[in-house]
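# Residue-level structure breakdown
Below are the chains, spelled out letter by letter.
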Amino acid sequence: MNQTTQQVEKVIQQRYKAGFFTDIESDQIRAGLDEEVIAMISAKKNEPVWMLEWRLKAFHHWQTMTGPNWAHLKIPGIDFQKIHYYAAPKQKNRPKSLDDVDPKLLETFDKLGVPLHERARLAGVAVDAVFDSVSVGTTFQKELKEAGVIFCSFSEAVQDHPELIREYLGSVVPYTDNYFAALNSAVFSDGSFVYIPKGTRCPMELSTYFRINARDTGQFERTLIIAEPGSHVSYLEGCTAPMRDENQLHAAVVELVALEKAQIKYSTVQNWYPGDENGKGGIYNFVTKRGDCRGDDSRISWTQVETGSAITWKYPSCILRGDRSAGEFYSVALTHNHQQADTGTKMIHLGKNTTSKVISKGISAGKSNNSYRGLVRMARRADNARNYTQCDSLLIGKTCGAHTFPYIESSNATAKIEHEATTSRIGDDQLFYCRARGLGEEDAVAMIVDGFCKEVFKELPMEFAVEAKALLEISLEGAVG
Amino acid sequence: MSAILNKLAPESELADDRYGDIRRRAHQRLMQYGFPDLKTEAWKYTSLRVLEKRELSATGPSEAGQPATLPFEADVIPMANGLIDPDRLNLPAGVRLEPMAPADLINLDYGDRAGAMAWLNLARFEQAWRLVIDATLERPLVLAMTSSSDFAASVHPRLQIELAAGVEAVLIEQQADRGAGLINIVEDIALARGSKLRHVIQRRNADSIWVQRTRVTVSADADYRCHALDLGGRLVRQDLSVHLLEAGANGEIDGVAFIDSKQHVDWHTAIDHEVGHTNSRESFRIMADGTGVGVFNGRIHIQRGADDSHSDLNTANLLLSESARINIKPELEIYAEEVTASHGATIGQLEDSALFYLRTRGLPVDQAMALLKYGFAAAPLENAEPEALRDWLTAELETVL
C-alpha cells in the first residue's frame, strides 16, 4: 500500500502539462472595474448602444450584491479592482482566415492539442479558440454555413445577428441571477455563439477552447446556444491556463435554449491550472451554466469532467419547462492537493412527464475538498415527473473530504424522486482481485477508477472521452492502495 | 425577522435569579444575531414568521390536561405547560431530579442565528432540570409534556438527562399539546460508558409552535436508539444531533412523521462521528397529506481521523395529496478515508398496483389506502423494543390512519 501511495504521489506530482505561457504582445485595458472600463470593453468590440446599456445595468446590479458564502468552500477575498477585465493578443485586424492568425497563437493551440491548424482539422471538429478575452479563430465556418448553422464568436454574433442576441441574451441566466453572473454580464469580452436552425442536425461536433494566458487577467466569456425546433447539436468545451503563483478569476455564463424536440449535448473538460501542491496559485472558477428546455420533448444533457481549478463553483442546471422534456447531468470531479470543488446540478421540473437523471462521481485526494450540491425540484404542475440521482464519492488519503448536499423538493404527489449516495475508498478486495489476475497495482487502480467513472465517460464524445481518461490517469493512476 | 426581536421583553425584564448573568449573555447574543429567516441554511424550509403574529403571554395557566394513559406500566414525570412540579413527583429508585447548576450553563454556545431559539431558551427558561439515572430502570420513564387548550404562553423548558455508566433505560417523551403557545425545549442527553438508552419521542400537537433541540452525546460502547412518532402540529421543529464521542459508540434513529393539513413538521437530524470505530444508522419516513408540509434534513458527519466508521441513512417519503409538500436534504460530510457512508432518499406516492392488489382482495379503497400507509409508516417502528412499546406506537399510528 505504501508503495502504491508513493507511486501515486509521483504520478500526481507530474507537471501540469498545459502550464506554459505564450509570450505574445497583448492589448490590455487598465486594471479595475468601473463604468469607464465597461464602456471601453464595449467600445473595443464596437458594440451597439443597447449592449452597453445592458452591461451597465448588470454592473449596477452587481454593485448591490455580495459574493455567495453558502458553498462548502473557503473563498479568499477577491480584489476586483486589481483584475484586468480585457486582454487580447495584439493583432492589427481580426484575421479573415486562420492563415492570418499569429503563428504563435496557432502554435499555442497546437501544443494544447486543439485542432486549429489545417492538418489537424482532419479531426472533423469545428473549433472556436478563445485566447484571453477574444476569439482568435473559428474553423469550418464555411461547411457549417452550408448547413445553416451559425457558429462564431460572441462578438461577431453581436455584430451579425443582433436580433438573436437581443432575444436570447440573459433569457436563461438574467444578470440578476447571482453575483458572478452579474459580473460576467457587465464585463464579458467574448465567447461562442451557436444557432442551429429548425430541423437541422449539426453536421459536426462544435467545440470551444478557452485559454487564459496574460497575467493578472480574468476570463469572462459567455456562451449562448440556441437550438430551434427539431434540431440537434453536440458542443464541447475545454480550458487551460499557465502555471502562476497568483490566482486568476474565471467567471463564465453559459445559456442553452432548446425549443420543441431540440437536443443539446454540452460536454466540458475543465483543466484550468489547479495551483501547486501547497495550494499556491490556480484559477478560481465561478461558472453559471443553465439550460432551458423551453419546448416540449426537448432534451439537454450536461457532461463534465472537472480536474482543474483551485476553486470550482459550478452547477450546470436544466429548467424542464416543456412537457416530456428531459435533463441529464453526468459529472466526474477530481480534486487533489488544496483544490476545492463545490459542484453539482439543478433539475427544475416544471412541465408534465419531465425526466431527469443525475450521475455524479467525485474523487478527492490530497488535502482537497470535493462536494456535490444538487437540487431536484418538482413544481406543482410537474405531473408524473421523474428523477434519478446517484452520487458516489471516492476518498484517497486521510486528509481530504468528500461531501454530498442534495436538496430534494417535491410539491407534486405524482412525481417520483430517487436519490442515492455513497462514500468509500477503493476496496482492498477489489485491488486484490485485479492483482490476482496479474494486473500491476497501477493498472488495477486505473481500471477501478476508470470503472468508477465509466458511466460518465461513455456520455462524452469520442474525442473528449480519450482526453478525459488520459487526464484522470495523469492525476490519479495508482492512487488508491 | 426583527419583528420578533422587537416583541421580546427587554433585557431589564429578565429574571434576576442565580442564572441572571447567563440569561443576560444569552439575550445579548440573541439580539446580536437575530432570528433565522429562509436565507438561513438550517431554516431554509421553515419560517418562524408565525411567531410575529402571535401574542404570547409570559406565564401559562397552572393546570394542564392529563397525559394519555399508557398500555404498560411506567413511571411518569408530568410536565404541565412546560413546568415540572417537584413536589408532586414519585420517582423510581435510581432517578434524581435536581435544578441545574449555573456552572453547567455558563459556557454554552449555540452559534449564530441558526441557534436563535436555543439562545432564547437560555435567556428565558423557567426551570432547568438535571435528571440523573443512576441505575437500570425496570419500567420506562415517561416525561409527559402536556399543555391545556387555553395555553397561549411561551415556555422554555430545559433538561439535562444523564445516564450513568452501564445503565439501561427507556425514556419516553410523550408530547401532547392542546394549546396555541410556544414551547421551546432544549434538551441535552449524555450516555456514559456502556449505557443504553431507548429514547422515544411521541408527539401529537395542536396549534402551538413546538421547537425542540435535543443533543445527545454517546460515550464508549454506549448505545443510543431513538424511536420517533411525530403526528404533527401547527409548527414543529425538531433538531436531534447525536455525537458519537468514543470508540464503540452506536447511534440509531428511526422516525416517522405523519403530517396533515395546516401542519408543518421539520426534522433536522445530525449524526456526528467524532472518532473512529463508531456506527450509526438512520431511517426516517414522512407522509404528508392535505396541505401539510414535511421537511427532513439528515446529516452524517464523519470527522477527520474517525476511520472505521460506518453510517447509513435512508429516507422514504410519501406525498398523499395535491397540495402537500415534502422537502428533504440528506447530507454526507466525510473527512476520513476508511469509512462507509451512504444515504438513499425517495419521494413518491402509493403504488397503484399495490392498491389494485388489495382492492381485488375485496378491500374498500379507504381501507386499502390505510393499510398501505400503515405498512409504509410502521416499518421504522418495527425496531422499537420492548414489544409493548412497539404495540403502543403502532396503535397510535393507526389512530391517525
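The subject of this paragraph is the interface of chain A and chain B. Chain A puts 27 residues into the contact, and the matching count from chain B is 31 residues. Elements that contribute at least two residues to the side of chain A that touches chain B include exactly β23 (401-410) and β24 (416-424) of chain A. Ranked by residues supplied to the side of chain A that touches chain B, first place goes to β23(A) with 10 residues. Within the side of chain A that touches chain B, the residues separate by chemical class into 10 nonpolar, 11 polar and six charged. Here six bridges tie β23(A) to strand β18 (residues 325-334) of chain B, and the two strands are oriented antiparallel to one another. Each bridged residue has a counterpart across the sheet, and for A:Thr404 the counterpart in β18(B) is B:Leu332.

So, about helix α7 (residues 387-400) of chain B. Residue and element names in this part refer to chain B. Over its 14 residues, α7 runs 21 Å from end to end, which matches the ideal 20 Å to within 8%, given 1.5 Å per residue. Turning to α7, its buried residues are Leu389, Trp392, Leu393 and Leu397. Projection of α7 onto a plane perpendicular to its axis shows the buried side chains occupying an angular sector of 135 degrees, all on one side. Relative to its buried face, α7 has exposed residues pointing more than 90 degrees away, namely Glu387, Ala395 and Thr399. On the buried face of α7, the contacting elements are β7 (168-176), β9 (196-204), β11 (223-230), β13 (250-259) and α6 (365-378).

This paragraph deals with the environment of A:Lys352. Checked against the element boundaries, A:Lys352 lands in the loop between β19 (346-349) and β20 (355-365). In this structure the C-alpha to C-alpha distance between A:Lys352 and A:Asn384, which are 32 residues apart in sequence, comes to 6.3 Å.

All names here are of chain A. Within the element layout of this structure, leucine 56 appears in helix α3 (residues 49-63). Through-space distance from the C-alpha of leucine 56 to that of aspartate 34 is 9.4 Å; in sequence the pair is 22 residues apart. Contact partners of leucine 56, with chain neighbours within four places excluded, come to Glu35 and Ile38.

This paragraph deals with the packing of helix α5 (residues 352-360) of chain B against α6(B). Residues and elements named next belong to chain B. Where α5 contacts α6, the two axes come as close as 9 Å, and the packing angle between them is 130 degrees. On the basis of the axis angle, α5 is oblique to α6. Regarding α5 and α6, the two cross each other, and that crossing is right-handed. Contacts from Ala354, Leu355, Leu358 and Arg359 in α5 reach Val365, Ala368, Met369, Leu371 and Leu372 in α6. Of the residues that constitute the contact of α5 with α6, the class distribution is eight nonpolar, no polar and one charged.

Now for the nonpolar core. By size, the foremost hydrophobic cluster in this structure holds 239 residues, and its most contacted members are A:Val194 and A:Ala227. With residues up to four places along the chain from it excluded, the contact list for A:Ala227 reads A:Ile196, A:Val233, A:Val257, A:Ala258, A:Leu259, A:Ala262, A:Gln263 and A:Ile264.

This next bit is on helix α2 (residues 20-33) of chain B. All names here are of chain B. The first and last C-alpha atoms of α2 sit 20 Å apart over 14 residues, in line with the 20 Å expected at 1.5 Å per residue. The inward-facing, buried residues of α2 abut α4 (116-124). Remark: glycine 34 follows α2 within two positions and exhibits a positive phi of approximately 80 degrees.

The next thing to look at is the confidence of the model for chain A. All names here are of chain A. Residue-level pLDDT values for chain A average 85, and 85% of them are 70 or greater. Contacts of residues 1-5 to residues separated by more than four positions or lying in other chains number five contacts, the stretch itself having pLDDT below 50. Low pLDDT, under 50, characterises residues 477-481; the predicted model gives this stretch 24 contacts beyond four residues in sequence or across chains.

Residue and element names in this part refer to chain B. That bond from glutamate 385 to proline 386 is cis: its omega, 0 degrees, falls within 30 degrees of zero. Mapped onto the secondary structure, proline 386 falls in the loop between α6 and α7. In this model, lysine 262 sits at a positive phi of 55 degrees, which is unusual for a non-glycine residue. On the neighbour-count criterion, lysine 262 (14 C-beta atoms within 10 Å) is partly exposed. A positive phi angle, close to 60 degrees, is found at aspartate 308, a residue other than glycine. Classification of aspartate 308 by C-beta neighbours within 10 Å gives partly exposed; the count is 16.

Basis of the calculations
Residues take numbers from 1 onward in each chain, read along the sequence in its written order. A letter from A marks each chain and a number from 1 marks each ligand, given out in the order of writing. It should be noted that, the model being predicted, local features are given only for residues of pLDDT at least 70 and side-chain atom pairs only at 80 or more, the latter also being counted only at that level, while totals for whole chains, interfaces and linings use all residues. Two residues form a contact once the distance between their C-beta atoms, set from the backbone, is within 7 Å. Per the convention used, a helix needs a DSSP run of H or I reaching at least four residues, while a strand needs a run of E reaching at least two, with both numbered from the N terminus. Charged means Asp, Glu, Lys or Arg here, nonpolar means Ala, Val, Leu, Ile, Met, Phe, Trp, Tyr, Cys or Pro, and polar covers whatever is left, Gly included. Here, strands pair whenever DSSP counts at least two bridges between them. Take the residue count of a helix, subtract one, and multiply by 1.5 Å to get its expected span. Exposure is read from a count of other C-beta atoms within 10 Å of each residue's own; the residue is exposed at 12 or fewer, buried at 20 or more and partly exposed in between. C-beta atoms are placed from the backbone. Taking the helix axis as origin, the arc is that swept by the directions to the C-beta atoms. Note on method: axes are straight lines fitted to C-alpha atoms, helices fitted across the in-contact stretch only, with angles between N-to-C directions ranging 0 to 180 degrees. We call two directions roughly parallel when the angle between them is under 35 degrees, roughly antiparallel when it is over 145, roughly perpendicular when it lies between 65 and 115, and oblique otherwise. The hand of a helix crossing depends on one turn: near helix anticlockwise from the far one by less than a right angle means left-handed, and clockwise means right-handed. By convention the nonpolar core is taken to be a set of buried residues drawn from Ala, Val, Leu, Ile, Met, Phe, Trp, Tyr and Cys and joined through C-beta atoms within 7 Å. The predictor rates its confidence in each residue with pLDDT, a number between 0 and 100.

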